[in-house]
Amino acid sequence: MPSYTVTIATGNQWFAGTDDYVYITLVGTEGCSERTLLDKPLYNDFERGAVDSYDVKVGENLGDIMLVKIEKKKYWMLDDWYCRYVTVKTPCGDYVEFPCFRWLVDDKEVILRDGRAFLPQDDKTSLVKQHRQKELDQRRKTYRWKEWQPGFPMSIDANRHRDLPRDIQFDSEKGVDFILNYSKAIENLCVNSFMNMFQSSWSDLADFEKIFVRIKNTISEYVMQHWKEDFMFGYQFLNGCNPVLISKCTKLPDKFPVTDEMISVSLERDLTLEQEIKAGNIYIVDYEMLEGIDANSTDPNTQQYLAAPICLLYKNVRNKILPIAIQLGQNPDENPVFLPTDSQYDWMLAKIWVRSADFQHHQTISHLLRTHLITEVFGIAMYRQLPAVHPAFKLLIPHIRFTIAINTKAREQLICESGIFDKANATGGGGHVQLVQKAMKTLTYRSFCFPDMIKSRGMDSMEDLPTYFYRDDGYKVWEATKSFVSDVVGIYYTSDERVQGDEEIQAFVKDVCSFGMQDFDQCEFPKSLKTRDELIEYLTVVIFTASAQHAAVNFGQYDWCSWIPNAPSTMRKPPPKEKGQADIKTIIDSLPDRGRSSWHLGAVWALSQYQENELYLGMYPDEHFIESPVKRAMERFRKQLAEISSIIKRRNEEKKLPYYNMSPDKIPNSVAV
């Protein structure tokens, strides 16, 4: 009687094991096995981290094993079970791998195909075609679109983390509880005594050190020491938390009436402002997106304010980017142009207002919208339209890990009405919602293609700006990622016609545009892909956005924002409309009070922490792919990434301000924090 040896691996995460009954059925081209209970006498089967083997006897050879059905039935109390993979050894000695990497919950079953990736047009038998369609039908019922706020990208239809499908929940919800993590942050930072001191101003700028002193690092200390200096202000537009706004100025906007007379003393080349613009030495940052956004009014005892400033920057002869003019509103009739030649406190306050505006833009647009929410759209569409056997599903799933879960938790605790975001942020209380809605009206697909995004702002010349490390490192990671994606795509798509004939990949990109992005006219997300190059770029956008771009705007938050005057989360006085009025008291009274400063510090500390057992770019411990050509492509990818990390490390050794947010060894695979 033929016998098949079945080996089953249970996950290593907490509570992955089960005491429930587990049954298996092997489905081959020549027949099926009996439904077989997998149980060893006097042995605790399917414990966490276990790899267990069992013999399945059959009456006759089953032919090629096509599917494996696993069922879990209650023993005493239902407990979830995480199955990593199943391996079947045939009577001939051949091994067939069936990746699973899924939770079996309640009295449910999973049916697995072997680990080889197939496009839909390559499935020839009705058995595998039906399995493929059934999997997608079930997924579309499980992963449903929902509009959380009008004008937002669509999100998952779940109000709480616990309502999510088990496969996309965090292993431990406790580890991503924002309230708990904030409490840990407050305790670690020893700012408990300041948490409820709302309306209580600091006595002077040095007083902020009382909540800064406990956790230090090289960059945050350097920021604290140099934040008042113009070079530090300008440098952050290149390599700070929000290095995505600065643009080369090709024409001064009419709403920003800066004259030669105003700024001639700041120019170093004996050129007029117009000549400096033509020479490519003038840059601009415009926070027009903040115009008309309502400031936080959730605390009746503290009026809070927002501004929509414009900042003109100059590249001096030493290639440093320095501010030369700041207007704190979009209307020049109501807002004077502040200059470095103004009084010390006028100029300092103007720069603080720009830094506060930058913080709002960074948190809500660069971070929340352009990494978290967009990656969730890709993730939901992936689950709805790509079965586990599809090569694009296998490629993308490590980069969607925990993203839908962290976003759901954020909607539950952080950015919801009366959530943590309202505590200390000027865009809390609904302003952040307005800001996302406004940003969505100008968001485009091409802005997620890293080289295009850099070039569209005129920032692509390394000769012009040799210290734009975000750009330089981003180029390297983008190209390495694109090369890896190209290798994988080339294995399964031998022609453009193969892309056009893949109904599932076409449904995926259409779902992203038509449902996830709600078919907004201006977004220009493709509804179909016609060539391999288009597919390579699209998949690169998904991976890069979820990994490198998120790392660039997330993990430097404590570095750059922990010194409160450098990144005020709110302002308590309106932006000045006249010069000569500011003094140190004006500045202290404008900056966040002790309570809001402490909440802010806890936030940037918590958001800058890596996950326990973080998986960094190129780490793929779950082997969704079993084919050797893909594994070789992964190894090449890892080598490229290691080389990039080494280059960045060598460069940083010579820098007082190292830039490592785009170093592959510090880029998690996915948006998970």
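Residues numbered from 1 in each chain as written. Predicted model: local features only at pLDDT ≥ 70, side-chain atom pairs only at ≥ 80, totals over all residues. Heavy atoms only, no water.

(A) Structural view of the overall build of the protein chain. A tally of regular secondary structure across the protein chain gives 20 helices and 15 strands. At 28 Å, the protein chain has a C-alpha radius of gyration in line with the 26 Å of a compact globule built from 673 residues. Counting only C-alpha atoms and orienting by the principal axes, one finds that the protein chain spans roughly 95 × 55 × 45 Å. Considering only intrachain contacts with a sequence separation of at least 6, the fraction spanning at least 24 residues in the protein chain is 75%. Looking at the protein chain as shown, the accessible area adds up to about 27400 Å², and 49% of this sits on carbon and sulfur atoms. The positive charge centre, built from 80 side chains, and the negative charge centre, built from 94, are 1 Å apart in the protein chain. (Helix = DSSP H or I, 4+ residues; strand = E, 2+ residues; numbered from the N terminus. Rg over C-alpha atoms; globule rule 2.2 N^0.38 Å. Contact = heavy atoms within 4.5 Å. Areas by Shrake-Rupley, 256 points an atom, 1.4 Å probe, with all protein chains shown as cover. Lys, Arg positive; Asp, Glu negative; His and termini not counted. Charge placed at Lys NZ, Arg CZ, Asp CG, Glu CD.)

(B) A look at a negative patch on the surface. On the surface, E30, E60, D64 and D94 cluster together into a negatively charged patch. Tracing the chain through its elements places E30 in the loop between β2 (21-28) and β3 (36-37). By relative accessible area, which is 56% here, E30 ends up exposed. (Patch = residues over 30% accessible without salt bridge, like charges linked within 9 Å, V, L, I, M, F, W, Y side chains within 5 Å. Salt bridge = Lys/Arg side-chain N within 4 Å of Asp/Glu carboxyl O. Buried < 20%, exposed > 50% of the residue type's maximum accessible area, 1.4 Å probe, protein only.)

(C) Representation of the pattern of salt bridges in the model. Under the definition given, this model contains 38 salt bridges. The salt bridge involving R498 is made with D122; its shortest N-O contact spans 2.8 Å. Highlighted residues: R498 in helix α14 (residues 496-500) and D122 in the loop between β8 (109-113) and α1 (126-142), separated in sequence by 376 residues. Across the salt bridge formed by K278 and E274, the nearest N and O atoms sit 3.7 Å from each other. Of the two residues, K278 and E274 both sit in helix α6 (residues 273-278), 4 residues apart, roughly one turn of that helix. Both residues of the pair, K278 and E274, belong to the exposed class.

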